[in-house]
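# Per-entry structural report
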Amino acid sequence: GRDSNIHAAWSSLGYSVAASSGYNQNLNKLPDKPAYTIAVKTFEDPDVLDEQKNPKKYRVVGVAIRGDVDTAELAQTLVAAEADPTVTGSYRAAAMEILPILERIVNDGWQQDTPTKVWITGFSRGGAIAGQLCDLVRLRSALNTKIAGLYGYTFGAPGGSKGGYS
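Predicted model, so just to flag it, every value in this text is computed and none were measured.

Scoring rules and cut-offs
Residues numbered from 1 in each chain as written. Predicted model: local features only at pLDDT ≥ 70, side-chain atom pairs only at ≥ 80, totals over all residues. Heavy atoms only, no water. Helix = DSSP H or I, 4+ residues; strand = E, 2+ residues; numbered from the N terminus. Buried < 20%, exposed > 50% of the residue type's maximum accessible area, 1.4 Å probe, protein only. Areas by Shrake-Rupley, 256 points an atom, 1.4 Å probe, with all protein chains shown as cover. Contact = heavy atoms within 4.5 Å. Phe/Tyr/Trp six-rings, centres within 6.5 Å; stacked < 30°, edge-to-face > 60°. Lys NZ or Arg CZ within 6 Å of the ring centre and 35° of its normal. Pairing = 2+ DSSP bridges. Expected span 1.5 Å × (residues − 1). Core = buried A, V, L, I, M, F, W, Y, C linked by side-chain atoms within 4.5 Å. Axes fitted to C-alpha atoms, helices over the stretch in contact; angles between N-to-C directions.

### Some words on the overall build of the protein chain
Counting its secondary structure elements, the protein chain contains 5 helices and 5 strands. In the protein chain, the order of α-helices and β-strands from amino to carboxyl end is α-β-β-β-α-α-β-α-α-β. Taking all 166 residues of the protein chain together, the buried fraction comes to 38%. Carbon and sulfur atoms make up 53% of the accessible area of the protein chain, which totals about 9100 Å².

Pasting the structure below:
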């Protein structure tokens with residue numbers, strides 16, 4: 001199913017899947033549970049050397065959040081958000097469900113000499129959740145001390161906040 005396909009995609013990029021949820025569920029309604037995968041990879045950058053002249057190691061934690069299945073679902077999200085402003089709050093709630101799992105994965109493999117970079121991405125509804133997750137990670141100071149970079153990439157995301165972002 002979808003779950004094995006997403007695992008194969010991460011694996012083909014050299015990542016190990018650390019957590020995955022919801023890819024085999026049918027998302028024909030506004031889901032309370034986001035579909036996401038969190039995967040980890042450590043790599044060396046030959047262009048950056050450490051004090052011993054060895055290539056600098058980095059750890060990347062990638063988070064992919066599933067978006068909408070079809071155009072009708074995207075329209076449902078947009079119409080629901082227009083009719084009920086609390087729909088954007090559901091993006092935050094979904095991000096808050098992923099946050100402790102992401103935090104555990106970052107903490108479990110954290111090493112002071114191997115900076116951890118977190119890349120979060122999502123399309124459509126997944127993009128709105130990804131944006132909220134980036135905001136939550138940024139606000140979580142205990143997590144921020146272990147992250148050397150936070151990168152959010154979203155595509156076709158509906159509005160996920162009431163402002164304050166550019």
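### Let's talk about the environment of glutamate 103
Position of glutamate 103 relative to the elements: it lies in helix α3 (residues 87–108). Sequence separation between glutamate 103 and arginine 140 is 37 residues; the distance between their C-alpha atoms is 9.5 Å. Aside from chain neighbours lying at most four places away, what touches glutamate 103 is Arg140 and Leu143.

### Some remarks on the packing of aromatic side chains
Inspection of the entire model under this criterion finds 2 aromatic pairs. Both rings, one in tryptophan 10 and one in tyrosine 15, keep their centres 4.9 Å apart while their planes meet at 65°; by these two values the pair is edge-to-face. Here the guanidinium or amino end of lysine 117 rests over the ring plane of tyrosine 58, the centre of that ring lying 4.3 Å away.

### Let's talk about the pairing of strand β2 (residues 36–49)
With 5 bridges joining them, strand β1 (residues 16–21) and β2 adopt antiparallel strand pairing. Paired with serine 20 across the bridge in β2 is threonine 37. As paired strands, β2 and strand β3 (residues 55–65) are joined by 11 bridges and run antiparallel to one another. Residue pairing in the sheet places threonine 42 in a bridge with arginine 59 of β3. The antiparallel hairpin formed by β2 and β3 contains 5 residues in its connecting segment, where lysine 53 sits at a positive phi of about 70°.

### Considerations on helix α4 (residues 125–139)
Compared with an ideal rise of 1.5 Å per residue, which puts 15 residues at 21 Å, α4 spans 22 Å between its outermost C-alpha atoms and is within 8% of the ideal. Counted residue by residue, α4 has 12 buried out of 15 residues, so it is predominantly covered. All of the buried residues along α4 are Arg125, Gly126, Gly127, Ala128, Ile129, Ala130, Gln132, Leu133, Cys134, Asp135, Leu136 and Val137.

### Considering the nonpolar core
Ile38, Val61, Ile65, Leu102, Ile120, Leu133 and Val137 are the most contacted members of the largest nonpolar core, which totals 26 residues. Elements supplying a minimum of two residues to this core: β2, β3, α3, β4 (116–123) and α4. If we skip the residues at most four places from it in the chain, valine 61 touches Ile38, Ala39, Val40, Leu102, Ile105, Val106, Thr116, Lys117, Val118 and Trp119. One finds Tyr15, Tyr23, Ala39 and Val60 within the second-largest nonpolar core, a separate group that totals 8 residues.

### Regarding the environment of glycine 122
Along the polypeptide, glycine 122 turns up in strand β4. By relative accessible area, which is 3% here, glycine 122 ends up buried. Once you skip the residues sitting within four places of it in the chain, glycine 122 turns out to touch Ile65, Gly127, Ala130, Tyr153, Thr154 and Phe155.

### Considering the sheet that holds β4
Here 5 strands make up an open sheet; going across it, the order is β1-β2-β3-β4-β5 and the pairing mixed. One side of each edge strand has no neighbouring strand; the edge strands of this open sheet are β1 and β5 (147–155). Across this sheet, the average inter-strand angle for adjacent strands is 20°, counted without regard to direction. Packed onto the sheet, helix α1 (residues 2–12) meets β1, β2 and β3 and runs at close to 155° relative to β1. In this fold α4 packs onto β3, β4 and β5, with an angle of close to 150° to the strand it touches most, β4.

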